[in-house]
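# Fold and geometry: a report
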Amino acid sequence: MPVEPLSRTEIEARLAELPGWTLDGDRLTRTYRLGSHMAAAAMVVHVARVQDELDHHSDLTLGYHTVSLSVHTHSAGGAVTEKDLELARRVDDLAPAHGAH
Ligand SMILES: C[C@H](O)[C@H](O)[C@H]1CNC2=NC(N)=NC(=O)C2=N1
């Protein structure tokens, strides 16, 4: 399925539904904070599973009580697409179960 780059205006409008996510250059980014290192590591594994399910893989970083994502679409020349917004929404959906905010 070809994915088209979204305009900056479209991305900013859609980000209203994804509080905490920001457009940083041509990537969607968010850092979640968690209560412990192992809670953060478990969330990384969960996100990795969703990335495989969607066949869409962001940069995913385990920090000190943090999980950070940086999302764009390689096959659209590195632009932000619908697939990035879908991944962001799926990660937001699973975050509360990990105590992430
Ligand atoms: C063959 C496979 O569908 C592609 O390589 C997928 C995998 N995951 C991907 N992830 C991201 N972020 N961008 C892509 O263009 C992409 N392409």
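Described in the following lines is the structure provided in the data block. (Residues numbered from 1 in each chain as written. Predicted model: local features only at pLDDT ≥ 70, side-chain atom pairs only at ≥ 80, totals over all residues. Heavy atoms only, no water.)

Most of strand β4 (residues 66–71) sits out of view: six of its six residues are buried. Side-chain alternation along β4 places T66, S68 and S70 on one buried face and V67, L69 and V71 on a second face that is also buried. Bridging between strand β2 (residues 27–33) and β4 involves six bridges; their strand directions are antiparallel. The residue of β4 that forms the bridge with R33 is T66. The sheet contact formed by strand β3 (residues 59–62) and β4 spans four bridges and is antiparallel. Paired with L60 across the two strands is L69, which belongs to β4. The antiparallel hairpin formed by β3 and β4 contains three residues in its connecting segment, where H65 sits at a positive phi of about 60°. (Buried < 20%, exposed > 50% of the residue type's maximum accessible area, 1.4 Å probe, protein only. Helix = DSSP H or I, 4+ residues; strand = E, 2+ residues; numbered from the N terminus. Pairing = 2+ DSSP bridges.)

A few words on helix α3 (residues 82–94). In this model, α3 (13 residues) spans 19 Å end to end at C-alpha, consistent with the 18 Å of a helix rising 1.5 Å per residue. Of the surrounding secondary structure, the elements contacted by the buried residues of α3 are α1 (8–14), β2, α2 (37–54) and β4. (Expected span 1.5 Å × (residues − 1). Contact = heavy atoms within 4.5 Å.)

On to the packing of aromatic side chains. Here the structure, examined in full by the defined rule, presents one aromatic pair. Ring plane angle 75° and centroid distance 6.4 Å describe the contact between W21 and Y32, whose orientation is recorded as edge-to-face. With W21 in the loop between α1 and β1 (22–24) and Y32 in strand β2, the pair connects residues that are 11 residues apart, well separated along the chain. Judged on exposure class, the residue W21 and its partner Y32 are both buried. (Phe/Tyr/Trp six-rings, centres within 6.5 Å; stacked < 30°, edge-to-face > 60°.)

Residues in close proximity to the ligand include D55, H56, H57, H72, T73, H74 and S75, which together make up its full environment. One nitrogen or oxygen atom from the main chain of H72 is found 2.8 Å from a nitrogen atom belonging to the ligand. Relative to its unbound accessible area of 400 Å², the ligand is 62% covered by the protein chains. (Near = heavy atom within 4 Å. Polar contact = N/O pair within 3.5 Å; in protein donor to acceptor, adjacent residues only side chain to side chain. Areas by Shrake-Rupley, 256 points an atom, 1.4 Å probe, with all protein chains shown as cover.)

Attention shifts here to the packing of α2 against α3. Interhelical geometry of α2 versus α3 gives an angle of 145° and a closest axis separation of 10 Å. Crossing geometry of α2 relative to α3 is assigned as right-handed. Facing M43, H46, V47, V50, Q51, E53 and L54 of α2, the residues of α3 in contact are K83, E86, L87, R90, V91 and L94. Broken down by class, the residue content of the contact of α2 with α3 amounts to seven nonpolar, two polar and four charged. (Axes fitted to C-alpha atoms, helices over the stretch in contact; angles between N-to-C directions. Left-handed = near helix turned anticlockwise from the far one by under 90°. Nonpolar A, V, L, I, M, F, W, Y, C, P; charged D, E, K, R; others polar.)

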